[in-house]
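Here are the chains, one letter per residue:
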Amino acid sequence: MAEIGIESRRESSPIPGQFPKLKTLHVWWARRPLVASAAAVVGSLMPAWSPELAQRFEDRPELATAKDYREWFLRLCGVWGDPVAARRASDAAKARGERLPGNPFTYKQAYKNSPTPEHLALLHRLLESTWGRMPTVSDPTAGGGSIPYEALRYRLPTHANDLNPVATAVLEAGLEFPARYGPDLAADLRRWGDELVNRLQARLAPFFEAHHNQKERAANFIFARTVACPRTDKTVPLLPNRWLRRGDKPVAVRVITHSGAVERAEPGFELVEGDEIDFDPDRGTITRGKAVSVWDHLIIDGDYIKAEARAGRMGEVLYAVAIRTPKGRGFRAPTATDFEALAAAERERARLAPQWQRDDLLPDEPIPDGNKTREPHNYGMYRWRQMFTPRQLLVHGCFVQQWRKLTTDIRAEIAERDRAEAVAALLAFMGDKALAFNSKQCGWHVSRQTIAPAFSMHAFPLKWTFAEFEAGTELFAWTLSQLLDAYTQIAELLVGVDASSTLEQARVTPAQVQITTSNAANMTAAPDGSATLVCIDPPYYDNVMYAELSDYFYVWLKRTLGWLRPDRFNAELTDKANEAVANRARFAAASARQARSLADHDYTIKMAAIFAECRRVLVDEGVLTVMFTHKGADAWNALGTSLLQAGFVIGTSWPVHTESQQSLHQAGQNSVSSTILLVCRKRPSEARGSERTYLSDIVADIRQTTADALTRAHDNGLSGVDLLLSTYGPALAVLSGRWPVYATEATEDGTSRLLRPEEALDIARAEVTRRLKARLVGRPVDFDPLTDFVIAAWELFKARVFPFDEARRLGLAVGGQDIDDLKLARILEAKSGKVELCSPRQRLRRDGDEHAFGVNRTRREFTATLDAVHTALYVADLDGLAAAKAWLDERGLSRDQRFIDCMQALLRAIPRSRKNDQWNVAEAETLDRLASAYFEDLDRPTAREEYTPATLDLDGK
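Okay, so let's go over this structure. (Residues numbered from 1 in each chain as written. Predicted model: local features only at pLDDT ≥ 70, side-chain atom pairs only at ≥ 80, totals over all residues. Heavy atoms only, no water.)

Observations regarding the packing of helix α25 (residues 757-777) against helix α26 (residues 785-797)
Where α25 contacts α26, the two axes come as close as 10 Å, and the packing angle between them is 80°. Taken together, the axis directions place α25 and α26 in an arrangement best described as roughly perpendicular. From α25, V768, T769, L772, K773 and L776 reach across to α26, where they touch D788, I791, A792, E795 and L796. Broken down by class, the residue content of the contact of α25 with α26 amounts to six nonpolar, one polar and three charged. (Axes fitted to C-alpha atoms, helices over the stretch in contact; angles between N-to-C directions. Helix = DSSP H or I, 4+ residues; strand = E, 2+ residues; numbered from the N terminus. Parallel < 35°, antiparallel > 145°, perpendicular 65-115°, else oblique. Contact = heavy atoms within 4.5 Å. Nonpolar A, V, L, I, M, F, W, Y, C, P; charged D, E, K, R; others polar.)

Have a look at this one:
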């Protein structure tokens, strides 16, 4: 799993242009890395190694020993080197402040390495021997398609399903078409794609060509939102900052309000470069929703800006043009020609409006008031077409029109109907790529000097400035090149074309895939017992609102792909009622607390129905592997409840690092970087005995299982939130193995209630806290609940800020601490669904304040050890280290073992990272200075060092 994790991170944070092409083919949200998906599929189907297995395949060295078998598994997954050694060498060089002369990874990223025909044949022989037939793989919520794509690469019969028509369109384009037609289809795509580009350029050039000459070519047009100044009624551009380019060749924009001594009627813009920048470009005209008028320099209230936007009076103004010249990229100020081209495009769109309305070329569907779609409403965008400028609407409307005409021509010339429609369907993705890079949701990426795509976030935040793609010559030529590149590489990987195999060899065993669009809780196309493995990456509770986001594409795809698949795109918008996410917006009529509870219940019911359907389609001895990435306890409780209700037993769990580690250790962040693989099987249907199982019967098993999982995960390099999550699967495994399990106490009416999975997770968290303290200190130790909470929070979350619910549950796990108790003790502050750990200075108690907890330098005894440490740090910051040492000596704390143990735990738990030689967590620096001066025996990890203590016997021996 360590090797797979390293390769997953290489895939998630590649060099520019090296993303898996399944990602660049079309936007989908929260795709899992291909290598992790490959490991989940193959690892779920391959048997464990045994001497008997080696004897059965005595002719194959890959199965001779457990080591050989493991290495073969990694090679099947594309790991053709030693990523652990490579990462170790890279990290060691970074720790020394050095740069390695070459890339320590001497082989291609794992996802690029296809299994050879010889290894595929051996794998099939092994799987048929294990299962009695070729195993089939099903993914009921396939989304972006990582899991079924990898199943197809192993030539396994595959079923990919999703409720969302946008997702199934992506699955067809990325799985079905490449599997059926292979790389050869690229020739048809290029021919007809070139024809489509030529038609579009001829149609759109009049609205852009004036910007091109031999010396420069316009590439992007950069706009700012505007409102009228409430006092002067003149246009105010809303610029968060005035940068166009930073670095050694900076460019910024100056807003011009006067021509000489005369005030202008409208603002103008001047581009300033290098040393001529005599103003602060970081200071824009709007911050945190409030603006400053460029005319009278007074505040424009945020409520006024929203009101103007909702009334349809928010506009936009072109303030810079990004250009290409023989010397490279540059910028120029907009000219009268630019503004005339914009006006001409708006006149043309108005002229075409009646005909286009009859032909239904532009989306007029409403933007629903949802979880992520509420933000556009705040600024007057109520319909999807309002996310585009008039010229952008002209561009995208012309694409729909020309695509329809071209589809008719393709059908007339390509005799094979299915192939013709595959070509047309793939070319429709050119339009979606254009939507992703040409709307008011697309910002200007100052550091990369490119357009930032519409979905840089999984949301629709208002972009105060946005960039438009030049569409007269550049946009659709670029989208075609992107499509051809993505399809070709997807198809070549899928058929296994590489240096060791020809196309003919790779096609000996064709890939078989079935794509369906249905509710995962009712997959009528999948017969009972039709799947050997159900590998599912389910919707992550409240993390991503897939349907709300995908409507951005759906309303356009129904006007293109809807011609080919009218049954799939016949609804006004995507199905949100049946989507398995915890969407509180669906229960907006209830109170906030009720909405949260109803959304949680709705998600749990839907996931239980999905897992019940998984149970139906699985063969009795089959495997359900769930890939889940969420740090919230509510999400894990809902997932666990759903699995238990559906009749599954959790056999084991494995954490795999799948996300980029960039900035994970910065203060204020607590990202989850690993995916947990839960491996489940059907619970036997035979009735259990009459004796009931209660929580008290399994507490010891949960604790021991948690301890084993914690040690294993820690030895595998996990830390922070990932370390906590690694214990969730094993804890749920104990619960599911004895299910049904009842709570020890009765309900109000005297009946027994089923245990909630979160209660088993609370026990796991308490055991984690106990073991974490022992690891941090070096031996088992007892503090007090407040000190335990802070030490565990720093070690688990590696951040000052983390979710409120995680704080609540952690407080209960370490001694029954309520959030209100922690607030009274000034341990934390709570706001907006999050909590923030207080610094020593924030915990200061004034003279006469008799509260038991906090920082008080006059106190001689402390109930909480943390208070003594925090007070010492406060004195050191205020009066210096010598004063702090004297204060400690007066109270006997310099020799107090519990105080010293607490310092050791905090030294190892609080993030010691720095940025520009500044410590991200201030008390980490003071703690380090105090320990260095007076507690030389304490271990002080370096800022770049991850604390990795030796394995400890945590029972006190």
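Structure shown, so let's carry the discussion forward.
Re the sheet that holds strand β2 (residues 158-162)
Sheet architecture is open: seven strands sit in the order β16-β2-β1-β17-β18-β20-β19, paired in mixed fashion. Edge positions in the open sheet fall to β16 (513-517) and β19 (648-657), since each of these has one partner strand only. Strand-to-strand twist of the sheet, defined as the mean angle between neighbouring strand axes without regard to direction, takes the value 20°. By the bridge criterion, five bridges tie strand β18 (residues 618-628) to strand β20 (residues 674-682) in an arrangement that is antiparallel. Along β20, the bridge assignment pairs L624 with C680. Where helix α9 (residues 165-181) meets the sheet, it contacts β2 and β16, and its direction lies at approximately 165° from that of β16. (Pairing = 2+ DSSP bridges.)

Some remarks on the sheet that holds strand β5 (residues 243-245)
Pairing in this open sheet of three strands is antiparallel, and the strands run β5-β6-β7 from one edge to the other. Whereas interior strands pair on both sides, the edge strands pair on one side only; in this sheet they are β5 and β7 (262-273). Between one strand and the next, the sheet's axes are offset by a mean angle of 30°, whatever the strand orientation. Note: β5 against strand β6 (residues 251-259), two bridges, orientation antiparallel. By the bridge assignment for β6, R245 is matched with V251.

Observations concerning the packing of aromatic side chains
For any two aromatic rings, the description comes down to two numbers: the centre-to-centre distance and the angle of the planes. According to the stated counting rule, one finds 27 aromatic pairs in the structure shown. Considering the side-chain rings of F455 and F553, the 5.8 Å spacing of their centres and the 40° angle between planes classify their relative orientation as tilted. Placement of F455 in the loop between β14 (450-451) and β15 (465-469) and of F553 in helix α18 (residues 546-557) is noted, with a sequence separation of 98 residues between them. Like F553, F455 is buried. An aromatic cluster is present here, built from W28, W29, W384, F388, F455, F460, Y546, Y552, F553 and W556 joined pairwise through their rings. If you follow R391 out to its NZ or CZ, it ends over the ring of F221, 4.7 Å from the centre. (Phe/Tyr/Trp six-rings, centres within 6.5 Å; stacked < 30°, edge-to-face > 60°. Buried < 20%, exposed > 50% of the residue type's maximum accessible area, 1.4 Å probe, protein only. Lys NZ or Arg CZ within 6 Å of the ring centre and 35° of its normal.)

Shape is all these values report; function is a separate question.
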